[in-house]
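If you want the building blocks of each chain, they are given just below.
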Amino acid sequence: MKRTLAILLALTMLLGLTSFALAEGKIEVSVWYYWETIKHQEILNSVISDFNASQDKVEAKAQYVPFADFKKQLSIGATADVLPDIVIIDGPDHASYAAMGIFADLTEKLRDWPDLSQYFQGPINSCTLDGKLYGIPFGSNCLALYYNEDMLAAAGQQVPATWEELKAVAKAVTTDKVFGLGLSSVQNEEGTFNFMPWIWSTGASSFEISTENGVRALTLFKELIDSGVMPKEVINWTQGDVMNQFISGNLAMMINGPWQVPTMREQAPDLKWNVALIPKDARNASVLGGENFAVIAGGHEDEALEFLKFATAADKVQSYIDAFGYIAARKDVADGQFDGDELMKAFAAQMQYAMPRGPHPEWPSISDAISLAFNQVIVGTLAPADAAAAAQATIDSIVE
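This text gives an overview of the structure that appears in the document. Treat the numbers as computed from the prediction; the structure is a model and nothing was measured.

Rules behind the numbers
- Residues numbered from 1 in each chain as written.
- Predicted model: local features only at pLDDT ≥ 70, side-chain atom pairs only at ≥ 80, totals over all residues.
- Heavy atoms only, no water.
- Helix = DSSP H or I, 4+ residues; strand = E, 2+ residues; numbered from the N terminus.
- Rg over C-alpha atoms; globule rule 2.2 N^0.38 Å.
- Buried < 20%, exposed > 50% of the residue type's maximum accessible area, 1.4 Å probe, protein only.
- Contact = heavy atoms within 4.5 Å.
- Areas by Shrake-Rupley, 256 points an atom, 1.4 Å probe, with all protein chains shown as cover.
- Axes fitted to C-alpha atoms, helices over the stretch in contact; angles between N-to-C directions.
- Parallel < 35°, antiparallel > 145°, perpendicular 65-115°, else oblique.
- Nonpolar A, V, L, I, M, F, W, Y, C, P; charged D, E, K, R; others polar.
- Phe/Tyr/Trp six-rings, centres within 6.5 Å; stacked < 30°, edge-to-face > 60°.
- Pairing = 2+ DSSP bridges.
- Core = buried A, V, L, I, M, F, W, Y, C linked by side-chain atoms within 4.5 Å.
- Left-handed = near helix turned anticlockwise from the far one by under 90°.

Here we come to the overall build of the protein. Along the backbone of the protein there are 17 helices and 14 strands. Computed over the C-alpha atoms, the radius of gyration of the protein is 21 Å, within 12% of the 21 Å expected from 2.2 N^0.38 for a compact globule of 400 residues. Dimensions along the principal axes, computed over C-alpha positions, put the protein at roughly 65 × 50 × 40 Å. Burial status across the protein gives 53% buried among its 400 residues. Once local pairs closer than 6 in sequence are excluded, the contacts in the protein between residues at least 24 apart make up 75%. For the protein, the computed accessible surface area is about 16,600 Å², with 51% contributed by carbon and sulfur atoms.

Right, here's the structure in full:
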């Protein structure tokens, strides 16, 4: 009991989620986010500052919560009635928290909002459960292959297009100081996000791990580790860590998303790199990513919506979405993106192969089973077939 009370007290003090009427009469609206990239945090704070200056009724305030703790703190906060007013949440997690009653039903509140018709159906679907709307999409993204042009050229290698080519190129560019390939393999949704393209590329679905195709995807990672072209440390690397390893010259290739492009250009202006499709097995594949805004039920719902309508207006989205490295969820904004930007166009090309995770209200539990299987294979505690069988048992207990 003392430990529980201490956790709740620490959570309250850490997050400072008071959401009270400010001295000058404004209502404070708190926003949780998990972006670790400083540039993204700065952009969000800029949007919030613009909103706060645009009116005198609501004061928005951002609060960073690490990705690894985000879902845990959201669940703890719901139990303790210590929640923000808005969350910026990963798309696959949206249905789960909507089903728990944590997110407000915005269907009627947004029924006559003209901007709603501008959103792509896929992102809108990620905010929808049982025909009701529980959020507003923020932006979309996917994963692709980044490669160091100089390293590949020095080893006489071309950009790999298949798994067999990937293994060969990664081996050719690996040295005592450089690994051929890296990708985030942490045991959470961030890791699953990076694993799904390899599963889907075999022809398997999100729920088919203990099949010939699913085992083949796990076996690929065993081969990459066993051959020394990918370090076991990837189980501790976030996508930001992977980017830093690539910038530092410790990786010749990496799997990452378009949100890293602005930071890469800023932090490594002299690095020669490019982007290509993820190498395929049976078919090309990538994973649909992106975040949604959700309003917490029972909080300052109307005030939260005032901020969301401001932050998602076409002109406002247009002012910041490129700097995030995201593809706008609004069609009227997305149509005008990336003119003259070949790198971002490469991600746009990869988007045609991007698939959503799940979808399923219990996706977080399914995701945990998938990321655990890949971690077990990477560290060598289970063979691919055994890890796949264990994951399948968990998945079957959820979906059947």
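What follows is about the packing of helix α8 (residues 189-201) against helix α16 (residues 363-379). Relative to each other, α8 and α16 sit at 75°, their axes nearing to 9 Å. In terms of orientation, α8 and α16 fall into the roughly perpendicular class. For the pair α8 and α16, contact is made by E189, T192, F195, M196 and I199 and by W363, S367, I370, S371, F374, N375 and I378, respectively. Looking at the contact of α8 with α16, its residues break down into seven nonpolar, four polar and one charged.

On to the packing of aromatic side chains. Under the defined criterion, the tally for this structure stands at 27 aromatic pairs. Grouped by ring-pair contacts, the aromatic residues Y33, W35, Y64, F138, F193, W259, F293, Y320, F324 and Y326 constitute a single cluster.

Glancing now at the pairing of strand β12 (residues 289-295). In terms of burial, β12 is a largely internal element, seven of the seven residues being buried. Bridging between strand β3 (residues 86-90) and β12 involves five bridges; their strand directions are antiparallel. Bridging across to β12, I89 finds its partner in N292. Where strand β6 (residues 136-141) and β12 come together, five bridges link them in antiparallel fashion. Across the sheet, residue N141 finds its bridge partner in β12, namely G289.

Locating F246 in the fold gives a position in helix α10 (residues 239-247). Among the residues examined, F246 registers a relative accessible area of 0% and is labelled buried. Here the alpha-carbon distance between F246 and F120, two residues 126 residues apart in the chain, equals 33 Å. Those residues in contact with F246, other than ones at most four positions away along the chain, are Y146, Y147, N148, L251, A252, M253, M254, M264, L271 and W273.

Now for the nonpolar core. Membership of the largest hydrophobic core comes to 126 residues, with the highest contact counts inside it found for F103, W198 and F307. Broken down by element, this core gets its largest block of residues, eight residues, from α16. Setting aside residues up to four positions removed in sequence, W198 forms contacts with W163, L166, L183, A217, L220, F221, I255, I278 and P279.

The next thing to look at is the packing of α8 against helix α9 (residues 212-226). The interhelical angle for the contact between α8 and α9, taken along N-to-C directions, is 120°, at an axis separation of 8 Å. Between α8 and α9, the crossing angle belongs to the class labelled oblique. Of the two possible hands of crossing, α8 and α9 adopt the one that is right-handed. Two secondary-structure elements touch here, α8 through F195, W198 and I199 and α9 through A217, L220 and F221. Residues of the contact of α8 with α9, tallied by class, amount to six nonpolar, no polar and no charged.

Honestly, it's all geometry; don't read function into it.
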